[in-house]
Amino acid sequence: MTGGFCVRCGQPAGTGEHAACLGLRAELEPPRFCRECARRMVVQVTPAGWTARCSRHGECSSSGPAPATD
């Protein structure tokens, strides 16, 4: 997690313990919080993948570049 916010828990990336956020399961789950502003994102999961949309910063998907978690 470089700068910004954790996409799993929404807390500042440079503070706290994020071991659970970076676990094996995290690679398979979509992000829940925007890494730019920590807003809760609208997430849709389908059999083909997932999309996550921030009202201010746009959309990311499992088929596109995934948000960095390290």
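All figures in this text were calculated on a predicted structure; none of them were measured in a lab. (Residues numbered from 1 in each chain as written. Predicted model: local features only at pLDDT ≥ 70, side-chain atom pairs only at ≥ 80, totals over all residues. Heavy atoms only, no water.)

A. Region of interest: the overall build of the protein. Check the secondary structure of the protein and you find zero helices and three strands. For the protein, the succession of helices and strands along the chain, N to C, is β-β-β. For the protein, the residues scored as buried account for 27% of the 70 residues in total. Contacts in the protein between residues at least 24 apart in sequence constitute 29% of all its contacts with a sequence separation of at least 6. (Helix = DSSP H or I, 4+ residues; strand = E, 2+ residues; numbered from the N terminus. Buried < 20%, exposed > 50% of the residue type's maximum accessible area, 1.4 Å probe, protein only. Contact = heavy atoms within 4.5 Å.)

B. Representation of the environment of Gln11. Along the chain, the position of Gln11 falls in the segment before strand S1 (42-46). Separated by 24 residues in sequence, Gln11 and Arg35 have C-alpha atoms that sit 9.4 Å apart. Apart from the residues lying within four places of it in its own chain, the contact partners of Gln11 are Phe5, Cys6 and His18.

C. Examining the confidence of the model for the protein more closely. The pLDDT averaged across the protein works out to 81; a share of 80% of its residues lies at or above 70. Confidence, expressed as mean pLDDT per element, reaches its minimum in the protein at strand S3 (residues 58-61) with 92 and its maximum at S1 with 94. (pLDDT = per-residue confidence, 0-100.)

D. Summary view of the nonpolar core. In this structure, Cys34, Met41, Trp50, Ala52, Cys54 and Cys60 together form the largest nonpolar core, which totals six residues. Here this core takes three residues from strand S2 (residues 49-54), the largest share from any one element. Other than its neighbours up to four places away in sequence, Ala52 contacts Pro31, Met41, Val42, Val43, Gly58, Glu59 and Cys60. (Core = buried A, V, L, I, M, F, W, Y, C linked by side-chain atoms within 4.5 Å.)

E. Looking closely at the sheet that holds S2. Pairing within the open sheet is antiparallel, and its three strands lie in the order S1-S2-S3. Of all strands in the sheet, those bounded by a partner on one side alone are S1 and S3. When strand polarity is set aside, the average angle formed by the axes of neighbouring strands in this sheet is 15°. Pairing geometry for S1 and S2, over five bridges, is antiparallel. Along S2, the bridge assignment pairs Gln44 with Thr51. (Pairing = 2+ DSSP bridges. Axes fitted to C-alpha atoms, helices over the stretch in contact; angles between N-to-C directions.)

F. The environment of Gly58, seen in detail. Along the polypeptide, Gly58 turns up in strand S3. Taking relative accessible area as the criterion, Gly58 reaches 34% and is therefore assigned partly exposed. Sequence spacing of Gly58 and Cys34 is 24 residues, and the spatial spacing of their C-alpha atoms is 9.3 Å.

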